[in-house]
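Descriptive analysis of the structure
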Amino acid sequence: MKRVIVVVLGLAVAFGQVPQSKVSNDSKVQQQQNKVELTEYQLQQHKIIALIKKLAEPYGLAETITVIARIESNFGLYVVNLNEGSCGITQINIKTYIARHKIENTPFNRNKACSDLVNSMELSIANSIEELLYWKQQFCNKATGECTKRQFQNVVRAYNGGFKGYKNKKTAEYWEKFKAYHKELYPAELKTNFKQRQK
């Protein structure tokens, strides 16, 4: 089902600044042409981006996690990766999730963790924040949270491949994809600084 959002031009008419008689038929046709149809996927995408901004902006991570959500699940289209054992809109690795939260590593708990991450965007985003802050501590200035571009690259690549994989070819490709999607989503220069952990 599609929802239609109508972008109404000619607001001056509505506020009485231009007489109704002055509005031509051409203007009405133009209004019809400026209808913007948003699919369910686009609405979901906007919802995810807004939620990421709300939860991650206090850490300076809104743009980073938005790009990660685009890479990892295409904003919620693919929330389970059986090959890598990752779940959620930001593809949290289940083994890492269980270890960080001190959960017993059993088939039942792994399945439950995946289900929780799939069903809660907030949980997936929160764990991405935690993961990125962890890697920031490993690579960037611990006192200020500032990262050089190279250090920030290491953070993003470690998010994808961990300590063992952050220098390999796979994470190099991940970084190139990250830069491309960031450019697609945000025209401004890539931000590399984190804010301090919120208490």
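Model, not experiment: these values are computed from the prediction.

**Let's talk about helix 8 (residues 149-165)**
Taking 1.5 Å per residue, 17 residues should reach 24 Å; helix 8 reaches only 19 Å between its end C-alpha atoms and comes up short. The largest bend in helix 8 comes to about 95°, at Y159. For helix 8, the full list of buried residues reads F152, Q153, N154, V155, V156, R157, A158, Y159, N160, G162 and G165. Looking at the buried positions of helix 8, the neighbouring elements they touch are helix 4 (62-73), strand 5 (92-93), helix 7 (121-139) and helix 9 (169-185).

**Side note on the sheet that holds strand 4 (residues 86-87)**
Read across the open sheet, the three strands follow the order 3-4-5; overall the sheet is antiparallel. Of all the strands in the sheet, the pair left with one neighbour each is strand 3 (80-81) and strand 5. Where strand 3 and strand 4 come together, two bridges link them in antiparallel fashion. Its bridge partner lying in strand 4, N81 is registered against S86.

**Here's the deal with the state of the cysteines**
Using the criterion set out here, one finds two disulfides in the structure. Here C87 is linked by a disulfide to C114, with a sulfur-sulfur distance of 2.0 Å. With the S-S bond torsion at -90°, the cross-link from C87 to C114 turns out left-handed. One end of the pair, C87, is in strand 4; the other, C114, is in helix 6 (residues 107-119), with 27 residues separating them in the sequence. Across the pair, exposure class does not vary: C87 and C114 are buried alike. One disulfide in the model links C140 with C147; its S-S distance is 2.0 Å. With the S-S dihedral at roughly 105°, the linkage between C140 and C147 falls on the right-handed side. There is no split in this pair, since C140 and C147 are both buried. Counting only the cysteines that take part in disulfides, in the order they occur along the chain, gives the pairing 1-2, 3-4.

**Concerning the side chain of S86**
Position of S86 among the secondary structure elements: in strand 4. Ignoring anything within four residues of it in the chain, the contact list for S86 reads V79, V80, N81, Q91, I92, N93 and I94.

**Considerations on unusual backbone geometry**
The backbone of Q91 shows a phi angle near 55°, a positive value even though the residue is not glycine. Position of Q91 among the secondary structure elements: in the loop between strand 4 and strand 5. Taking relative accessible area as the criterion, Q91 reaches 7% and is therefore assigned buried. For K102, which is not glycine, the phi torsion reads 55° and is therefore positive. Residue position: K102 is located in the loop between helix 5 (94-100) and helix 6. Classification of K102 as exposed rests on a relative accessible area of 76%.

**A few points about the confidence of the model for the chain**
Considering every residue of the chain, the mean pLDDT works out to 81; 77% of them sit at 70 or more. Note on residues 1-35: pLDDT is under 50 here. Beyond four places in sequence and across chains, it has 26 contacts.

**Notes on the pattern of salt bridges**
If you walk through the whole model with that rule in mind, you get five salt bridges. Between E184 and R70 there is a salt bridge, and its shortest N-O distance comes to 3.6 Å. Residue E184 is found in helix 9, and its partner R70 is found in helix 4; the two are separated by 114 residues along the sequence. Under the relative-accessibility criterion, R70 is labelled buried at 18%. Residue K170 pairs with E84 through a salt bridge whose shortest N-O separation is 3.7 Å. Separated by 86 residues along the polypeptide, K170 in helix 9 and E84 in the loop between strand 3 and strand 4 bring together distant segments of the chain. A relative accessible area of 40% places K170 in the partly exposed class.

What counts, and at which threshold
- Residues numbered from 1 in each chain as written.
- Predicted model: local features only at pLDDT ≥ 70, side-chain atom pairs only at ≥ 80, totals over all residues.
- Heavy atoms only, no water.
- Helix = DSSP H or I, 4+ residues; strand = E, 2+ residues; numbered from the N terminus.
- Expected span 1.5 Å × (residues − 1).
- Bend = angle between axes of the 7 residues up to and from the residue.
- Buried < 20%, exposed > 50% of the residue type's maximum accessible area, 1.4 Å probe, protein only.
- Contact = heavy atoms within 4.5 Å.
- Pairing = 2+ DSSP bridges.
- Disulfide = S-S within 2.5 Å.
- pLDDT = per-residue confidence, 0-100.
- Salt bridge = Lys/Arg side-chain N within 4 Å of Asp/Glu carboxyl O.

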